[in-house]
Amino acid sequence: MTDLDRQVISDWLDTRAFGRNIEVHETIGSTNKRARDLALAGAPNGTVVVADEQVDGRGRRGRSWLSPKGTGIWMSVVIRPGFEASLAPRITVIAALSVSEAVYVATGCRPSIKWPNDLIMGNKKVCGILTEIKADDSYTDYVIAGIGLNVSTRTDQFPGDLAMSATSIYEETGTLPDRNRLIADILNSFEYMYESLTQPGGFDRLRMQYRDLCLTLGRRVRISGVNEEFEAIAKDISDDCALVVELDDGTKREILSGDVSIRGIAGYI
Ligand code: BTN
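Residues numbered from 1 in each chain as written. Predicted model: local features only at pLDDT ≥ 70, side-chain atom pairs only at ≥ 80, totals over all residues. Heavy atoms only, no water.

**Describing the site of the ligand**
- Contacts to the ligand come from 20 residues, most closely from Ser30, Gln54, Arg58, Arg60 and Lys125.
- Here a nitrogen atom of the ligand sits 3.4 Å away from a polar atom, N or O, in the main chain of Asn32.
- The separation between an oxygen atom of the ligand and a polar main-chain atom of Arg60 is 2.7 Å.
- Relative to its unbound accessible area of 420 Å², the ligand is 98% covered by the protein chains.
- Taken together, the elements giving at least two residues each to the shell around the ligand come down to α2 (31-40), β3 (72-79), β6 (124-136) and β7 (139-150).
- With four residues, the single largest contributor to the shell around the ligand is β6.
- For the shell around the ligand, the class distribution of residues is six nonpolar, ten polar and four charged. (Near = heavy atom within 4 Å. Polar contact = N/O pair within 3.5 Å; in protein donor to acceptor, adjacent residues only side chain to side chain. Areas by Shrake-Rupley, 256 points an atom, 1.4 Å probe, with all protein chains shown as cover. Helix = DSSP H or I, 4+ residues; strand = E, 2+ residues; numbered from the N terminus. Nonpolar A, V, L, I, M, F, W, Y, C, P; charged D, E, K, R; others polar.)

Okay, here's the thing in structure tokens:
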């Protein structure tokens, strides 16, 4: 795999803000943590932290995220959306869409999305996204969009059960895209979609794209929340990015957070 190179990433960038202020680390604890520190210190919109290796990579729900040296894209973007906190989940939607688009451009294969933000290839997880939000009352101070994309990881490099549920671009497509180009392409799409969010009808168009890629819709899912667990059919993505599900008795519910499992996808039996 080619080395991460700040200059090469910049050369491929086609953005106004995203990636224009960028840190590239050989090794770091967590790019999300570093991005949060930078955001708290006033870093501008679009600031990016990338690392070749994370030794304390964080996943959703307090899990850890395997981030071995030179095998993937471990990247966090600081976004200052200036809109109300309830709209912040839209950032997660466009983060997932932009990674899917960039992987498609690089490989000709388009990852699907498992709601809310797992990217799936060959029924396994190729990318996870961790968004962290700081909001005061209703105003969003910043959103950190942390992207973990497995690029060259071989199946036998995933420890234990992870090999059943995780994959990489190389394993699924046989190609090894240049990570610098891929980082720039993700940021190019991400900024483009981010700017569309403020245009009339912009989010509706993006939501349509998300629906088309979302393999959760139309399936029977198991939802595990803090205090409950139940099954339902996934029906739609709402305007505030919730998963709309229909229970067996016909009632509808909107799920804003929680683990959603789909039989046969990402290791769920
Ligand atoms: C998930 O659990 O699916 C989300 C995983 C997010 C991992 C990425 S890697 C870059 C960024 N830094 C972190 O510590 N986590 C995110």
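**A look at a negative patch on the surface**
- A contiguous patch of negative charge, built from Asp3, Asp5, Asp11 and Glu26, is present on the exposed surface.
- Its location among the elements puts Asp3 in the segment before α1 (6-12). (Patch = residues over 30% accessible without salt bridge, like charges linked within 9 Å, V, L, I, M, F, W, Y side chains within 5 Å. Salt bridge = Lys/Arg side-chain N within 4 Å of Asp/Glu carboxyl O. Lys, Arg positive; Asp, Glu negative; His and termini not counted. Charge placed at Lys NZ, Arg CZ, Asp CG, Glu CD.)

**A word on the environment of Asp259**
- Tracing the sequence through the fold places Asp259 in strand β12 (residues 259-262).
- Counting along the chain gives 143 residues from Asp259 to Pro116, while the straight-line C-alpha distance between them is 9.1 Å.
- Beyond its immediate stretch of four places on either side in the chain, Asp259 contacts Arg60, Arg61, Arg63, Arg222, Ile223 and Ser224.
- Side chain to side chain, Asp259 and Arg63 meet in a polar contact 2.6 Å long. (Contact = heavy atoms within 4.5 Å.)

**Some points on the pattern of salt bridges**
- Counted by the stated rule, this structure contains 25 salt bridges.
- Between Arg58 and Asp56 there is a salt bridge, and its shortest N-O distance comes to 3.1 Å.
- Judged by relative accessible area, which is 34%, Arg58 ranks as partly exposed.
- Of the charged contacts in the structure, one is a salt bridge between Asp259 and Arg61, with a shortest N-O distance of 3.5 Å. (Buried < 20%, exposed > 50% of the residue type's maximum accessible area, 1.4 Å probe, protein only.)

**As for the sheet that holds strand β2 (residues 48-54)**
- A sheet is described by the order of its strands in space; here seven strands give the open sequence β1-β2-β3-β7-β6-β5-β4, paired in mixed fashion. With one partner strand each, in any of the chains shown, β1 (22-28) and β4 (112-114) form the two edges of the open sheet. Across this sheet, the average inter-strand angle for adjacent strands is 20°, counted without regard to direction.
- Of the strand pairs in this sheet, β3 and β7 are connected by eight bridges, and their pairing is antiparallel. The residue bridging Ile73 from the neighbouring strand is Leu149, located in β7. (Pairing = 2+ DSSP bridges. Axes fitted to C-alpha atoms, helices over the stretch in contact; angles between N-to-C directions.)

**Focus: the side chain of Ser30**
- Considering the arrangement of structural elements, one finds Ser30 in the loop between β1 and α2.
- From its side chain, Ser30 meets the backbone nitrogen of Asn32 in a polar contact 3.2 Å long.
- In contact with Ser30, other than residues within four places in its own chain, are Gln54, Asp56 and Arg58.

**Section: the side chain of Ser98**
- Relative to the elements of secondary structure, Ser98 occurs in helix α3 (residues 89-107).
- Using a relative accessible area of 0% as the deciding quantity, one classes Ser98 as buried.
- Within the local environment of Ser98, its side chain forms a polar contact with the backbone oxygen of Ala95, the two atoms lying 3.0 Å apart.
- Not counting residues up to four positions away in its chain, the partners in contact with Ser98 are Ile186, Ser189, Phe190 and Met193.

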